[in-house]
Amino acid sequence: MHNNSTKTKEMFIVRALEKILADKDIRRSHHSQLKKSCDSALEQIKAELISAGQIAEGNELPCAALPLPKNDAASIINAETYFLPFELACKSRSPRIVVTALDCLQKLIAYGHLTGSIQDSANPGHLLIDRIVVTIYGCFSGPQTDEGVQLQIIKALLTVVTSQHVEIHEFTLLQAVRTCYDIYLSSKNLVNQTTARATLTQMLNVIFARMENQVYELPPPNSNSSATINGSIHSEDCNGSVEEPAGDSDEVIASELLAEIISAAYNEAMKDQESLGEPEPTVNGNDYSSHSDHDSVELHSENDAVVTAKFTHILQKDAFLVFRALCKLSMKPLPEGHPDPKSHELRSKVLSLHLLLLILQNAGPVFRSNEMFIMAIKQYLCVALSNNGVSLVPEVFELSLSIFVALLSNFKVHLKRQIEVFFKEIFLNILEANSSSFEHKWMVIQALTRICADAQSVVDIYVNYDCDFSAANLFERLVNDLSKIAQGRQALELGANPMQEKSMRIRGLECLVSILKCMVEWSKDLYVNPNMPVPALQVQSPTTTEHDQADTTIQTIHSGSSHSLNSNQEQLQDLPEALEERKMRKEVMETGIELFNRKPQKGVQFLQEKQLLGATCQDIARWLHEDERLDKTVIGNYLGENDDHSKEVMCAYIDAFDFRQLEVVAALRILLEEFRLPGEAQKIDRLMEKFASRYCECNPQNQLFQSADTVYVLAFSIIMLTTDLHSPQVKHKMTKEQYIKMNRGISDSKSDLPEEYLSSIYDEISEHEIKMKNNSGMLQQPKPTGKQPFITEKRRKLLWNMEMEVISLTATNLMQSVSHVKSPFTSAKHLEHVRPMFKMAWTPFLAAFSVGLQDCDDPEIATLCLDGIRCAIRIACIFHMSLERDAYVQALARFTLLNANSPINEMKAKNIDTIKTLIMVAHTDGNYLGSSWLDIVKCISQLELAQLIGTGVRPQFLSGAQTTLKDSLNPSVKEHIGETSSQSVVVAVDRIFTGSMRLDGDAIVDFVKALCQVSVDELQQQQPRMFSLQKIVEISYYNMERIRLQWSRIWQVLGEHFNAVGCNSNEEIAFFALDSLRQLSMKFMEKGEFSNFRFQKDFLRPFEHIMKKNASPAIRDMVVRCIAQMVNSQAHNIRSGWKNIFSIFHLAAGDHEEPIVELAFQTTGKIIGDLYKRQFAIMVDSFQDAVKCLSEFATARFPDTSMEAIRLVRTCAQCVHEAPQLFAEHAGMENDASVAEEDRVWVRGWFPMLFSLSCVVNRCKLDVRTRALTVLFEIVKTYGESFKPNWWKDLFNVIFRIFDNMKLPEHVTEKSEWMTTTCNHALYAIIDVFTQYFDVLGHLLLEELFAQLHWCVQQSNEQLARSGTNCLENLVISNGFKFNESTWDKTCQCILDIFNATLPQDLLSWRPKAHPSNNLPQEHNHFEALHIRCVVQLELIQTMDNIVFFPATSRKEDAETLAQAAADLTGGRNGSQSQLLECQREEQGMYGYLRTRQLLTLADCLMQSHRFAKRFNSDHDQRSLLWRAGFKGSVKPNLLKQETSSLACVLRIFFKMYGDENRRSDWPGIEQELVQVCKEALGYYLSLQSEAHRDAWTSLLLLILTRLLKMSDARFATHVSNYYSLLCDMMCFDLKPELRSVLRRVFMRIGPVFNIMSVK
């Protein structure tokens, strides 16, 4: 290996030396030293070759970095020894010799034979490699240098810089780079220029790559600043040049070199990739901290030794020096005017900028974070950019912009203020300037396109500038400017043609769309695409969580964006809420500043109210100093005001200046830089007075001015002098002598101010005007208004050049002023930042896109506008910004030309694209559209109309501007309208509806609302359409599978719509709605329903509504048919829907059309008759509705239906009876929560059913109500066993309402019929129920029943009155044996009350009225009532008799008495039989259950009736009067029956008690009463005049006398002794034989009893 290495090295050297010696120029005398040196070297080589084999020991270990290891020290020493001839050769002026020498050196270095790492003997302290490099670049002597030499120099220097075997640093490296740079500038050969430029690129890549890679290598032990980078150049890469012939042409050398450069660049890239492929080690903290002691070293020092202190490695310093040198080169000014493109200055600037761009674009983490590089960028590069950024040379300008974009991309964290200056002073000013050239504007907007494409940059600009209190609103201004450009509203650029204008507009739109896309990209994590499946929830990794929660400062450091620079600075918090709040405060501040610039006092007051400005004068003064946005003129006027407040602020303002150690002029200059002096002398006077005071205060040791007065006058004079010398209005300028003379005597001292001093003031003012500081030149310059169309192109160019100079000067000044400022920069991370960004910028975006779509038919512009609108809608949707979203959607809808007022005959391609965009928005952002769905659905609805036109359908549907027929349309419009029917559009529209099933719960409701609203509009048109209605049905199908919670919200909207549509006057529409409802319902019913849910009920409600509201019989018939079909096919799935079904049939039952009623009833019959048996359990909830429905059918107009309906109620009763527990189980339904469990079957089962029957009774005709009443009581009797007491109470409240119906004043005939039939029927049925369930009802309801009977007997209906008494009789006879004493008391009282109430008292007092003709009907009614009372009295007497003695007993007894009397006449009698009958009768009557007092009460009552009858019968005049008046027809009225029957009953009661052993204790009283009654009766009989009247009493006398005969002797004696005279008187009358026979027997008995005669 050693031999090969030596041989190769010697081969290079020998060939090179021989070539030099063979050159003809070597013979010249000035080359003698060179010749000698070459000879000597050749001899040494020969000697070395002889002894080559003997040198084998003492070799150094080979270096791994070298491809061809050198084995011994001698070899190295020798290699360096051979340098001398080559050095001399390079210094020779012979190009061929120089080329040969350089070529050999290059190869020796390339192959590592010449490292130059030993000390240079000629220059102690430097290495030989430095001398070698000096020798190489020394060969270049300017433009006249041979082109071949130039190429060899480039090649050699590239080898030196990029070689792994040699190291050059600092000045040497800089010189190598500079030489290549100079060759590029000086060489006239294009190949050499290209090669030099490529070489520079390669050198820079290597220098900066080595610096970056050094960080990742472990430093070797005792490392110094010359550590090398591991790596290798493969030997085969250079093999081609080993055998390179000497005579190669320049072109061949250049092509080889370029190939080598490319190869080396490839290897370098591979090496970088290998090093980056490993885990990236962190930067060793010691590298940076070890030099922290030197932080005090001035950054801007250019002393290399001092600068070194800031670097951790020599490679960093190398890179820094190169970078700084390029920055300085780029800062060199160009000559005035338009420089020659081939001039050195311009080419140098362009090259330096190119190289800087290259460095910045490839900047690694070390470069991006090292403090020295950041300092260089700030102090050199940014200042250079501010100068070049407004260059009139397009290439320079474009490169500057590219560099700025690179800085923004990689260094924005460190360059906050610089970026602001560049944006504000250059970018935006060029965009906004009226006179700027198209070329400049175009390049700016090209750069903006790149910036706007980076989401991080866009959001960072907003967060760091628009939300920074002290920064300009860059994002807002940028968007506004771009919007103007996109709208074509910007100033016409210099020299732009229409195509360029259009290109500019497109590029503006592209920028706006890019910004929006960045926002969308930034906030994409918040967006949910309804058409994508929802991913499974991902568990967030711990690192992510930590990252999200970490402090922003930590994040910034970890991201590698800052090391020493930001670590000690407080970072802005990246909190959206805080930033938004700060942005709002900034807006308020800007409003206040704007107000201040108009009315300063109000502005200050406003800001103080908003608490953005302190209350003290010092606070205001500080603000006036610090805020550069304030108008300097306004500040001057404000400070000069005469009010106390302004004076205090002015004093505080001037007190803030430090005038120490300053001359008056300098102090005044500092003061007046800050504001414009007001024009009024008084204001200037006040300001100068305070200035003088402050100046003297700051300079108490100044001997020149004795008092402030002197300074005051001098300051005033200086201002006058400035105005005089520099104002164009002053023609005759003040001379120095005049000025000196003017200032004589102003000093308080005896001597004036020195003339030299005043003279120097004059000179200074003359040369340098006192004027305000110009921080922002563009702001201070009044901008052209654009109202000067007559300005020529030349004049505009001149104006633009002047403006560029101002921009450049301002930008440079500002950039220099902020070069040492460190402003914290926030790297935005939160998604929420987009919301305030968009809220601020949405209007200019919308304006740009709207104008673009409105004005321009260019497809590119339209596409951009539509893209922008789509992105804007996405952002507004994501952040739920409804106002903004609606505005964009409405704009989009407007440009579809599909809304009602748009002319469809102007349809263009852009409108078709807009339609497609709108459909796409609906598809992708449906979840967020909210109320904006309305505009989209309207357009889709109108799109169908456009499709009708497009497909040739006659547009009878179209109105207004749309009435043009397709045939008369422009062919292109026809084509576009036809495209609305294209497959893609139709499919996309369908996709919206089919995709509705993927919308979320809120979105689907919004969508459905919109669809319903549009459907209503369609149906209200002159030619109604059903497009949306059909779509409603479709989406209902699609969304049927949603969860019930969402579906119920959807149906709430749809149900209302179907309600309205189903009642549409157009039957076709109503039919469609109804049929759709039917299909939907059937589909829905198939899904079934769990118990306790109510959704079927909601679903079927529209049928109910339509049935109720639609008057069309056909529609109503269809409703019934739909429901019937549902019942027939889906009965097993119906649950809560039964309520609606019965409700619908309830409505149908009241219909006038018999088929409707019939069909409804058939279905109801099937439900009750069939389904109740099979599935009553699931239908129990709707039972009440079923009963109501049957009730309605029962009251229908069709009797057959009514009868059948009542029959079905009986079936219902059976169901309730069989399953009472079902009602108890369904707790909590409807209003049952408060009902006890055991009562639920009553409340929800029995009661509704019985109540509905009572309603039928109350409402229907006779036959129906009779049937209803029968069924009602049949149910009660059949199932009453299970009724509870409280249920009975409720039931009888209902039953008694049947009688209540008759208490209302109604037609007499109808009332009469009611009383005769229904009341009568009911009364008997009630008594039956009472009898059947008396054990329960007796104590509960007897009193109410008695009250009801009392009412009945008082009615003016004889039948009812009779029934009342009969029912009373039946009740007591049937149940008397169950009565207790209290019940009997109540019963007796009831009888007594009825007696008293029905006693016809008016019979005794009636008198005819004065005008009988007028009162005939009234009298008739009165007589009728009296007659009924008479009847009731008789009935009541009979009732009492029947109750006490059992019915017919008294009649039989009378008959027997008469028969016995007759038998006495004939002498035959069967006593034993008579006695037996009596015993039987006693057992059946209620006599035995009545107490004596109760019997006496009844007897007393009967006696009253008897006595009343006697009074009336005795009053012949009254009877005649009544007879004449028409009372009781042809016979004179009498009350004989009442008179006799009442007395007969009394007598029987008394006689019964008189013979009752159980009442022995009561006998004395009874006897007394009986004697009294009998005496009264016999006496009245004797007083009777009429034979007929006496005949009527026959049975009474028979009764008395027969009972008298049956008494014991003692009792007989007692009674006869009381009646004897009366009995004797009776003998005078012509008595009937039977009576005479009994009377005879009485007298016969008197004999033995009183011992008058003896018994035989």
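Counting starts from 1 at the beginning of each chain's written sequence and moves along it residue by residue. A pLDDT threshold of at least 70 governs which residues receive local features in this predicted model, and a stricter bar of 80 or more applies before side-chain atom pairs are shown or counted, although totals over entire chains, interfaces and linings include all residues. The side-chain numbers reported here are obtained from all heavy atoms of the structure, hydrogens and water having been left aside.

## Let's talk about the nonpolar core
Side-chain atoms within 4.5 Å link the members of a nonpolar core, which is a set of buried Ala, Val, Leu, Ile, Met, Phe, Trp, Tyr and Cys residues. Exposure categories follow from relative accessible area, calculated using a 1.4 Å probe and restricted to protein chains: below 20% of the type maximum is buried, above 50% is exposed, and the middle band is partly exposed. With 400 residues, the main nonpolar core has F323, F423 and F427 as its most contacted residues. Helix and strand definitions here come from DSSP, where helices need a minimum of 4 consecutive H or I residues and strands a minimum of 2 consecutive E residues; each element is numbered from the N-terminal end. A per-element tally of this core places helix 38 (residues 859–878) first, with 13 residues. The contact criterion used is simple: two residues touch if any of their non-hydrogen atoms lie within 4.5 Å. Beyond its immediate sequence surroundings of up to four residues, F423 is in contact with F404, L408, L428, L448, I451, I461, L474 and L478. Formed by 60 residues, the second largest nonpolar core is a distinct cluster that contains L595, L612, I654 and A667.

## Quick look at the packing of aromatic side chains
When two rings of Phe, Tyr or Trp (its six-membered ring) have centres within 6.5 Å they constitute a pair, described as stacked for plane angles under 30 degrees, edge-to-face for angles over 60, and tilted for the intermediate range. Scanning the model with the defined rule gives 33 aromatic pairs in all. Ring geometry for Y462 versus F475: centroids 5.9 Å apart, planes at 80°, classification edge-to-face. Here the residue Y462 occupies a position in helix 20 (residues 455–466), and F475 occupies one in helix 21 (residues 474–487), the gap between them amounting to 13 residues. Like F475, Y462 is buried. Following the ring pairs from residue to residue traces out a cluster consisting of W1242, W1246, F1247, F1251, Y1279, F1283, W1287, W1288, F1292 and Y1333. Whether a charge sits over a ring comes down to the Lys NZ or Arg CZ being within 6 Å of the ring centre and within 35 degrees of the ring normal. Across the ring face of Y527, the terminal group of R874 is positioned such that the distance to the ring centre comes to 3.8 Å. Directly above the ring of F1612 sits R1645, whose terminal nitrogen or CZ lies 4.6 Å from the centroid.

## As for the pattern of salt bridges
By definition, a salt bridge exists where a carboxyl oxygen of Asp or Glu is found within 4 Å of a side-chain nitrogen of Lys or Arg. Per the counting criterion, the structure on display carries 36 salt bridges. In this structure, R477 engages E432 in a salt bridge whose closest nitrogen and oxygen atoms are separated by 3.0 Å. Taken as a pair, R477 in helix 21 and E432 in helix 18 (residues 416–432) lie far apart in primary sequence, 45 residues in all. Accessibility expressed as a relative area gives 23% for R477, which makes it partly exposed. As a salt-bridge pair, R629 and D627 come within 3.0 Å of each other at their nearest N and O atoms. On the accessibility criterion, D627 (9% relative accessible area) is buried. Shared partners join several salt bridges into a network, and the residues in it are E641, E680 and K683.

## Some thoughts on the packing of helix 30 (residues 664–673) against helix 32 (residues 708–726)
Every axis corresponds to a line fitted to the C-alpha atoms, with the helix fit spanning only the stretch in contact, and the corresponding angles, defined between N-to-C directions, vary from 0 to 180 degrees. Direction vectors running N to C along helix 30 and helix 32 enclose 65°, while the axes themselves pass 11 Å from each other. The angle between helix 30 and helix 32 places the two elements in the roughly perpendicular class. You can see that helix 30 and helix 32 cross each other, and the crossing is right-handed. The residues of helix 32 that touch helix 30, namely those facing V664, V665, L668 and L672, are L714, A715, I718 and I719. In this scheme, roughly parallel covers angles under 35 degrees and roughly antiparallel covers those over 145, while 65 to 115 is roughly perpendicular and the rest are oblique. Note on convention: near helix rotated counterclockwise from far helix by under a right angle means a left-handed crossing. Clockwise means right-handed.

## Comments concerning the environment of N1558
You can see N1558 is positioned in the loop between helix 69 (1536–1554) and helix 70 (1563–1583). Taking the C-alpha atoms as reference, N1558 lies 9.2 Å from G1488; in sequence the two are 70 residues apart.

## Thoughts on the packing of helix 60 (residues 1334–1354) against helix 62 (residues 1381–1398)
Contact geometry for helix 60 and helix 62: axes closest at 10 Å, N-to-C directions at 15°. In this view, helix 60 runs roughly parallel relative to helix 62, as classed from their interaxial angle. Helix-helix and strand crossings are classified by hand; for helix 60 and helix 62 the assignment is right-handed. Note on element contacts: helix 62 touches helix 60 through T1383, K1386, T1387, C1390, D1393, I1394, A1397 and T1398, opposite L1342, E1343, F1346, H1350, V1353 and Q1354. Amino acids outside the nonpolar list (Ala, Val, Leu, Ile, Met, Phe, Trp, Tyr, Cys, Pro) and the charged list (Asp, Glu, Lys, Arg) are all regarded as polar, and Gly is one of them. Broken down by class, the residue content of the contact of helix 60 with helix 62 amounts to six nonpolar, five polar and three charged.

## Notes on helix 53 (residues 1199–1218)
Take the number of residues in a helix, subtract one, and multiply by 1.5 Å to get its expected span. With 20 residues, helix 53 extends 29 Å from end C-alpha to end C-alpha; this agrees with the ideal 28 Å at 1.5 Å per step. Among the residues of helix 53, T1201, S1202, A1205, I1206, L1208, V1209, T1211, C1212, A1213, C1215 and V1216 are the ones counted as buried. For helix 53, the secondary structure elements touched by its buried residues are helix 51 (1154–1179), helix 52 (1183–1194), helix 54 (1220–1225), helix 55 (1240–1259) and helix 56 (1262–1279).

## So, the confidence of the model for the protein chain
Scored by pLDDT, the protein chain comes out at a mean of 73, with 71% of its residues at no less than 70. Contacts from residues 53–77, a stretch scored under 50 in pLDDT, to residues over four places away or in other chains number 25 contacts. Across residues 220–252, where pLDDT falls below 50, the model places 50 contacts with residues more than four positions away in sequence or in other chains. A residue's pLDDT is simply how confident the predictor is in it, with values from 0 to 100.

## Topic: the side chain of N189
Take N189: it is sitting in the loop between helix 8 (170–186) and helix 9 (190–214). Think of a polar contact as two N or O atoms within 3.5 Å of one another; within protein, one of them needs to be a possible hydrogen donor and the other a possible acceptor, and neighboring residues in sequence only count if both atoms come from side chains. A distance of 2.7 Å separates a polar atom in the side chain of N189 from the backbone nitrogen of V191.

## Examining unusual backbone geometry
Keep in mind that most residues, glycine aside, have a negative phi and that most peptide bonds are trans. With phi around 60°, Q661 is a residue other than glycine that occupies positive phi space. Counting through the fold element by element, Q661 comes out in the loop between helix 29 (644–655) and helix 30. Classification of Q661 by relative accessible area gives exposed; the value is 76%. Although it is not a glycine, H880 sits at a positive phi angle of roughly 55°. Owing to a relative accessible area of 62%, H880 belongs among the exposed residues under this scheme.

## Details of helix 47 (residues 1067–1086)
Taking 1.5 Å per residue as the helical rise, helix 47 with its 20 residues ought to reach 28 Å, and the 28 Å between its terminal C-alpha atoms agrees with that figure. Along helix 47, the residues classified as buried are I1069, A1070, A1073, L1074, S1076, L1077, R1078, L1080, S1081, M1082, F1084 and M1085. Tucked into the core, helix 47 has its buried residues touching helix 44 (1001–1020), helix 45 (1027–1038), helix 46 (1044–1062), helix 48 (1095–1109) and helix 49 (1113–1130). A side-chain oxygen of the first residue of helix 47 lies 2.9 Å from the backbone nitrogen of E1068; this N-cap is N1066.

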